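Summary of structural features
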Number of protein chains: 2
Amino acid sequence: MKTRIGILGYGNLGRGVECAVRQNEDMELAAVFTRRNPADVSVLTKSAQVCHINDAADWKDKIDVMILCGGSATDLPQQTPEYVKYFNVIDSFDTHARIPEHFANVDAAAKENGHIGIISVGWDPGMFSLNRLYANAILPDGKDYTFWGKGVSQGHSDALRRIAGVKNAKQYTIPVDSALEAVRAGSNPELSTREKHTRECFVVLEEGADAAKIEQEIKTMPNYFADYDTTVHFISEEELLTNHSGIPHGGFVLRSGVTGWEREHKHLIEYSLKLDSNPEFTSSVLIAYARAAHRLANEGQSGCKTVFDIAPAYLSAKSGEELRASML
Amino acid sequence: MKTRIGILGYGNLGRGVECAVRQNEDMELAAVFTRRNPADVSVLTKSAQVCHINDAADWKDKIDVMILCGGSATDLPQQTPEYVKYFNVIDSFDTHARIPEHFANVDAAAKENGHIGIISVGWDPGMFSLNRLYANAILPDGKDYTFWGKGVSQGHSDALRRIAGVKNAKQYTIPVDSALEAVRAGSNPELSTREKHTRECFVVLEEGADAAKIEQEIKTMPNYFADYDTTVHFISEEELLTNHSGIPHGGFVLRSGVTGWEREHKHLIEYSLKLDSNPEFTSSVLIAYARAAHRLANEGQSGCKTVFDIAPAYLSAKSGEELRASML
């Protein structure tokens with residue numbers, strides 16, 4: 001019996017989930033839910049239905065896990081507590097500061113309706129969080145470092161595109177190699193924002209826009225660019241589409257710590273990701289946790305969970321015996 | 001209420017556990033159990049008692065988790081099923097091929113006596129296994145690579161010391177950089193044993209021993225060295241003690257995989273450890289899982305578990321709320 005997956009929201013993330021379902025033999029895509037006119041949305045999976053989001057609740061007995069592929073700013077704070085009434089759900093809520101509030105809302109609705117809701121699944125929050133937790137538990141006397149990139153920051157690209165005179169733009173976040181090397185060398189550096197990452201912008205101007213003025217506006221933009229060494233390249237729209245249409249990302253989580261009676265031995269734990277497609281990798285994590293959600297629900301569990309609360313074996317299609325024999 | 005820890009076996013690993021207990025405020029070392037005359041064993045923790053191993057069962061109500069620090073060849077297959085009758089136990093059983101059998105033995109005894117036994121805890125098996133599982137669950141279409149080192153292999157050092165004419169020796173396992181780079185580049189190479197690791201031996205000869213003959217014997221030793229490019233250095237005992245008395249280790253777990261409807265996007269997940277002290281790092285992992293064992297037992301759970309079966313949050317002294325607010 002396959003796990004029947006629903007996708008709510010068919011953007012980059014939703015399409016990534018569709019691809020991930022195809023890679024997992026114990027999963028099948030039942031339906032995609034959209035705010036658009038379903039007749040106008042064509043999906044890749046021939047056997048899946050396309051439905052309007054308003055009809056989602058009708059599918060409560062035909063979907064084992066609904067993957068919520070909306071945004072964290074406005075969609076998920078409303079959608080996850082709502083849809084966990086009808087389904088086991090997974091989301092990739094990534095507004096770190098609002099996670100406690102989101103958790104509480106989802107937990108209450110999930111428990112009331114006997115469902116599982118796993119929130120903040122992906123790579124950060126997600127796999128990076130897990131690696132922070134494991135490394136902190138193992139090396140309590142140490143220091144954490146997270147570097148992001150090289151990769152496209154959607155938020156920073158959007159900020160560029162909002163500038164008057166900018167037609168299109170892409171922004172890459174790049175970890176500073178020398179900072180990474182200092183961490184790896186065990187010197188436990190104190191690193192400022194500027195010392196950890198640089199930002200590289202590829203900008204297409206509207207006709208007649210003032211390049212010098214826009215470059216200045218970018219480099220001094222508070223929160224987004226002012227605290228970083230930022231490089232701005234003005235390129236043609238054609239060059240942007242040819243060379244910068246991908247959505248790569250990745251990063252590094254490191255913990256440097258000491259052990260021994262006199263704290264005399266150093267250790268370094270490093271986890272890194274190098275991703276050609278940020279949304280497809282995130283989707284692949286979502287699907288692994290969908291497997292866990294289905295199993296937990298079948299065990300009669302309910303409530304809100306995060307990656308911290310899920311035993312790793314739940315993520316794998318293999319049995320405990322197979323895992324112990326092949327991967328331990 | 002602190003978790004009261006017992007250490008059974010006071011070698012490098014037992015001493016490492018003692019140091020790790022000191023780094024965790026919610027832990028205390030109750031007693032160390034030894035096969036030697038307890039009067040001859042002095043431990044670093046003033047408040048801990050030293051007892052003979054034959055008296056261990058008397059401590060069943062005074063120890064929350066017993067850490068078994070014996071060897072995998074003969075100690076643990078007998079000790080873990082035995083001591084789980086009296087205690088929640090953790091071991092670092094690392095004979096991969098015999099894990100299923102060991103699991104079954106510990107599980108039966110643990111369930112019969114209402115205790116938790118977590119086996120094969122450390123970094124490989126342990127953290128490396130976890131990373132293999134997570135990466136396989138996320139990227140089902142991919143290829144795994146594990147590299148060990150640079151580090152001291154106890155088994156290979158012992159093999160050197162058993163050769164007639166060898167007074168003392170240390171062996172380092174070294175991953176081949178070009179192989180690691182090929183994996184990181186996403187070329188999914190097929191790597192032979194020889195292509196993945198080299199072996200470097202530092203050997204102190206007995207007086208009058210035949211260096212050329214011994215070098216030949218080392219390089220052709222089946223299983224241990226014959227399948228590797230092996231370098232042999234003959235050095236003085238003094239140099240061995242000065243430059244090669246540490247027990248560093250580490251390694252890399254990588255998974256290279258693809259996503260996308262046409263498998264068009266590549267991803268690389270990499271986890272690595274660089275450890276000054278192999279036994280102290282292993283001990284630090286053991287203590288984190290001792291925390292989990294105590295909590296699981298308090299919840300009324302019993303039976304044998306591995307790192308695959310333990311939700312990450314159980315390893316941390318922080319509450320769920322604290323973890324979500326600080327690490328997610």
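Keep in mind it's a predicted model, so treat the numbers as computed, not measured.

Right, let's talk about the overall build of chain A for a bit. Secondary structure summary: chain A contains 11 helices and 14 strands in total. Over its C-alpha atoms chain A spans a radius of gyration of 22 Å, differing by no more than 12% from the 20 Å that the globule rule assigns to 328 residues. A principal-axis box enclosing the C-alpha atoms of chain A has dimensions of 65 × 60 × 35 Å. The 328 residues of chain A split such that 57% are buried. For chain A, long-range pairs separated by at least 24 residues make up 68% of all intrachain contacts whose partners lie at least 6 apart in sequence. Accessible surface, chain A as shown: approximately 13500 Å² in total, 46% of it carbon and sulfur. Side chains of chain A carry 34 positive and 44 negative charges; the gap between the two charge centres is 2 Å.

So, about the interface of chain A and chain B. Listed by partner, the interface residues are 66 residues for chain A and 67 residues for chain B. The contact between chain A and chain B buries some 6100 Å² in all, and 64% of this surface belongs to carbon and sulfur atoms. Linking chain A with chain B are 0 salt bridges, by the criterion used here. Looking at the side of chain A that touches chain B, the elements with two or more residues in it are helix H1 (12-22), helix H3 (99-113), helix H4 (127-138), strand E12 (249-259), strand E13 (265-275), helix H10 (278-298) and helix H11 (320-326) of chain A. At 11 residues, E13 of chain A tops the list of elements feeding residues into the side of chain A that touches chain B. Tallied by class, residues from the side of chain A that touches chain B come to 35 nonpolar, 17 polar and 14 charged. Where E13 of chain A lies against strand E13 (residues 265-275) of chain B, 9 bridges are found, and the strand directions are antiparallel.

Its rotation angle being 180 degrees, the transformation that places chain A on chain B also includes 0.0 Å of axial translation and leaves an RMSD of 0.0 Å. Considering both components of the superposition, the chain copies are consistent with a two-fold axis. When each C-alpha of chain A is compared by its distance to the rotation axis, Ala-311 of chain A comes out closest, at 1.9 Å.

What follows is about the sheet that holds strand E11 (residues 229-234) of chain A. Residues and elements named next belong to chain A. Spatial strand order, E8-E9-E10-E11: 4 strands in an open sheet with mixed pairing. Only two strands of the sheet have a single partner each, and these edge strands are strand E8 (151-152) and E11. Pairing between strand E10 (residues 197-205) and E11: 6 bridges, direction parallel. Counterpart to Arg-199 in the pairing with E11 is Thr-230. Against the sheet, helix H8 (residues 211-219) engages strand E9 (166-175), E10 and E11, with an angle of about 150 degrees to E11.

All names here are of chain B. Spatial ordering of the open sheet is given by E8-E9-E10-E11, a layout of 4 strands whose pairing is mixed. Pairing within the sheet leaves two strands with one partner each, and these edge strands are strand E8 (151-152) and strand E11 (229-234). As paired elements, E8 and strand E9 (residues 166-175) share 2 bridges and run antiparallel to each other. Pairing of Gly-151 across the sheet is with Thr-173, part of E9. Of the strands in this sheet, E9, strand E10 (197-205) and E11 are in contact with helix H8 (residues 211-219), which crosses E11 at around 150 degrees.

A few words now on the side chain of Lys-196 of chain B. Residues and elements named next belong to chain B. Among the structural elements, Lys-196 can be located in helix H7 (residues 193-196). An unpaired buried charge is present at Lys-196: no salt bridge exists, and Asp-124, the closest side chain of opposite charge, is 9.4 Å distant. Discounting residues that sit within four places of it in the chain, Lys-196 has contacts with Thr-146, Phe-147, Ile-174, Pro-175, Val-176 and Leu-191.

Once that is clear, we can look at the packing of aromatic side chains. Going through the model one piece at a time under the given rule, you end up with 11 aromatic pairs over all chains. When the centroid spacing of 5.7 Å and the interplanar angle of 85 degrees are considered together, the rings of Tyr-172 of chain A and Phe-202 of chain A count as edge-to-face. Within this pair, whereas Tyr-172 of chain A is found in strand E9, its partner Phe-202 of chain A is found in strand E10, the two being separated by 30 residues in sequence. Seen from their ring centres, Tyr-86 of chain B and Phe-87 of chain B are 6.4 Å apart, and the 65 degrees between their planes marks the pair as edge-to-face. Take Tyr-86 of chain B: its relative accessible area is 25%, and that puts it in the partly exposed class. Looking at Arg-15 of chain A, its charged tip hangs above the ring of Tyr-10 of chain A, at a distance of 5.5 Å from the centre. The ring of Trp-59 of chain A has Lys-62 of chain A sitting right over it, with the charged end atom 4.6 Å from the ring centre.

The rules we used
Residues numbered from 1 in each chain as written. Chains lettered and ligands numbered in written order. Predicted model: local features only at pLDDT ≥ 70, side-chain atom pairs only at ≥ 80, totals over all residues. Heavy atoms only, no water. Helix = DSSP H or I, 4+ residues; strand = E, 2+ residues; numbered from the N terminus. Rg over C-alpha atoms; globule rule 2.2 N^0.38 Å. Buried < 20%, exposed > 50% of the residue type's maximum accessible area, 1.4 Å probe, protein only. Contact = heavy atoms within 4.5 Å. Areas by Shrake-Rupley, 256 points an atom, 1.4 Å probe, with all protein chains shown as cover. Lys, Arg positive; Asp, Glu negative; His and termini not counted. Charge placed at Lys NZ, Arg CZ, Asp CG, Glu CD. Buried area = accessible area lost by both parts, 1.4 Å probe. Salt bridge = Lys/Arg side-chain N within 4 Å of Asp/Glu carboxyl O. Nonpolar A, V, L, I, M, F, W, Y, C, P; charged D, E, K, R; others polar. Pairing = 2+ DSSP bridges. Least-squares fit on C-alpha atoms with pLDDT ≥ 70 in both. Axes fitted to C-alpha atoms, helices over the stretch in contact; angles between N-to-C directions. Phe/Tyr/Trp six-rings, centres within 6.5 Å; stacked < 30°, edge-to-face > 60°. Lys NZ or Arg CZ within 6 Å of the ring centre and 35° of its normal.

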